Amino acid sequence: MDVPVQEVIRPATIAEALAALAEREDARPIAGGTDLMVQLRDGRRRAGRLVDLGRLGLAGIRRTRDAIEVGAATTMDAIAASAEIKRSFPALASAARQVGAWPIQCRATLGGNLANGSPAADTAPPLLIAEASVTIASAAGTRRLRVADLFLGPGRTALTPGELVTSVRLPLDEPAPGERVVERFTKVGPRREQVISVVSLAGRAVIRPDGTFALVRLAFGSVAPVPVRALTAERALAGRRPDAAARRDAARAVQDDIAPIDDVRAPARYRRIAAAVLLDRFLQEAARG
Amino acid sequence: MADRITITLTLNGERRSFETAPGRRLLDLVRDDAGLVGAKEGCGAGECGACTVLLDGAPVASCLVLAASADGHEVVTVEGLGRAGALHPFQETLVTHGGVQCGFCTPGIAVTGAAVLARGGDAADHARLLAGNLCRCTGYAKVVEALDDAAAKEAADAPA
Ligand SMILES: Cc1cc2nc3c(=O)[nH]c(=O)nc-3n(C[C@H](O)[C@H](O)[C@H](O)COP(=O)(O)OP(=O)(O)OC[C@H]3O[C@@H](n4cnc5c(N)ncnc54)[C@H](O)[C@@H]3O)c2cc1C
Ligand code: FES
Ligand code: FES
């Protein structure tokens, strides 16, 4: 069945796309369509005009002096396959490889994953621990926003109508000599592929030669109205070794960072336990290297 | 009533134009406008893979692709993969390994597997790459074996 829209515009430039979005209040961008097509069909979102982003040249990964820039229309498949991303942001590569299954990964874009605003968006925790930001363009100009400030609530973001995410910037953060980096993304769901996360965790630990944390960053998906950094748990671990006592403290602290709900996929109590388990596993891996 | 739009794409190697609704899904374009009924609608929500086609060589759930997004691109359905008497190597091994039962999932599985072979890579990934194609009949083992076998045959045939 056709999705209920009156027109589709396929602009060739960003300026044309922004004009096409500004012209009609009910205009909406479409990238891979893997979220939007079903939402339009079910009436959960509406659009009179769809503005297709496919011709704007927004796909691609490029390294600048101090960051990696990922175009908003880059697919999960391209992100997961990128040597640059695998080397510097392995949690993001791993998350992209766990979005849906392969045919979804070949269409689903990074910009769409963020703009859709789901608390379960799998790329969000890896971007939060990378302290990434998005570049946003509109007819009024461009602005930069931290991914941490992008998500406002389930299905709600700080993007206003007429705004386009054009790219995501991940600052490179090289460890000092002798330090080792452990970075992981893990998610819990009823099967390995094609599942929306019940709980997900991205963790980055930089460990000094003496075994203490030089840095530890943690972020969760699906345990609050938005993807969240676990700052209380991070503080509980700062400067320590990931030994049993530190892991116990972190498991307790993390409960203050999250606010899960009961829903069709899992009860809140399960999410609290699973979050602690994922965190403990990550810290054990950090201890082992 | 919404205006109609023109979509021009390469479908199974042939350049074709369609006058259709702006909200057309690629799945309906292929089935209703082009009359190619190999790709099936199972869930209509991206979860089952019965509607999988290749878009510029990559497998996609055509129930989630806006047909207008495929304008100017290349689409291959199971009808373009092989013909009776001249099957694609993966279609051959699906038959010899008993990887087809009721057949509802088969067009999607065939094109996904063809994309796996075209990309090359590690046989250890085969099951993961096929995980978006649900099958109620075969239990998957024979489908994965068929893909492993097709990949092995391709490697053996390749010039050293
Ligand atoms: C079967 C299935 C399994 C899935 N599994 C997962 C999963 O495991 N993990 C996960 O995180 N997600 C999953 N998803 C959801 C979805 O695939 C992702 O969120 C995907 O990244 C969305 O990207 P898209 O390009 O398809 O977005 P679209 O559907 O095209 O767009 C989504 C929203 O973002 C807006 N938008 C798109 N691009 C931009 C832009 N550049 N600027 C501004 N707004 C924009 C659109 O207007 C729309 O509101 C799954 C979906 C399906 C169907
Ligand atoms: S019909 Fe498209 S994935 Fe099920
Ligand atoms: S053969 Fe029947 S669904 Fe796969």
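Just above sits the structure.
Given the structure is predicted, the values throughout are model-derived calculations rather than measurements. (Residues numbered from 1 in each chain as written. Chains lettered and ligands numbered in written order. Predicted model: local features only at pLDDT ≥ 70, side-chain atom pairs only at ≥ 80, totals over all residues. Heavy atoms only, no water.)

Some thoughts on the site of ligand 1
Applicable threshold: Whether a residue is near a molecule or strand depends on its heavy atoms: it is near if one of them lies within 4 Å of it. For the purposes of these results, a polar contact is taken to be a pair of N or O atoms within 3.5 Å, where, inside protein, one atom must be able to donate a hydrogen and its partner to accept one; residues adjacent in sequence count only when each atom of the pair is a side-chain atom.
Neighbouring residues of ligand 1: 37 residues in total, closest Pro-29, Thr-34, Asp-35, Leu-36 and Thr-109 of chain A. Those chains with residues close to ligand 1 are chains A and B. A distance of 2.8 Å separates an oxygen atom of ligand 1 from a polar backbone atom of Gly-33 of chain A. Contact between ligand 1 and Asp-122 of chain A: a nitrogen atom at 2.8 Å from a side-chain N or O atom of the residue.

Regarding the sheet that holds strand β2 (residues 27–30) of chain A
All names here are of chain A. Test applied: In short, DSSP must find at least two bridges between two strands for them to pair. Under the DSSP-based scheme used, a helix requires at least four consecutive residues in state H or I and a strand at least two consecutive residues in state E, with every element numbered from the N terminus. A fitted line through C-alpha atoms represents every axis, and for helices the fit uses only the stretch in contact; the resulting angles, taken between N-to-C directions, go from 0 to 180 degrees. Two residues qualify as a contact provided that any one of their heavy atoms is within 4.5 Å of a heavy atom in the partner residue.
Spatial ordering of the open sheet is given by β1-β3-β2, a layout of three strands whose pairing is parallel. Single-partner strands in this sheet number two, and they are β1 (7–9) and β2. Averaged over neighbouring strand pairs, the angle between their axes works out to 30° when direction is ignored. Docked against the sheet, helix α1 (residues 14–23) engages β1, β2 and β3 (49–52), running at close to 170° with respect to β3.

Regarding the packing of helix α2 (residues 89–96) of chain B against helix α5 (residues 141–157) of chain B
Residue and element names in this part refer to chain B. We apply this condition: Any angle between 65 and 115 degrees counts as roughly perpendicular, while under 35 counts as roughly parallel, over 145 as roughly antiparallel, and the rest as oblique. By convention the crossing between two helices is left-handed if the near helix lies anticlockwise of the far one by an angle smaller than a right angle, and right-handed if it lies clockwise. Polar here means any residue outside two lists: the nonpolar Ala, Val, Leu, Ile, Met, Phe, Trp, Tyr, Cys and Pro, and the charged Asp, Glu, Lys and Arg; Gly therefore counts as polar.
Closest axis-to-axis distance for the α2/α5 pair is 8 Å, and the angle between their directions is 135°. One element, α2, and the other, α5, form an angle in the oblique class. You can see that α2 and α5 cross each other, and the crossing is right-handed. For the pair formed by α2 and α5, the contact residues are Pro-89, Phe-90, Thr-93 and Leu-94 on the first element and Val-143, Ala-146, Leu-147, Asp-149, Ala-150 and Lys-153 on the second. For the contact of α2 with α5, the class distribution of residues is seven nonpolar, one polar and two charged.

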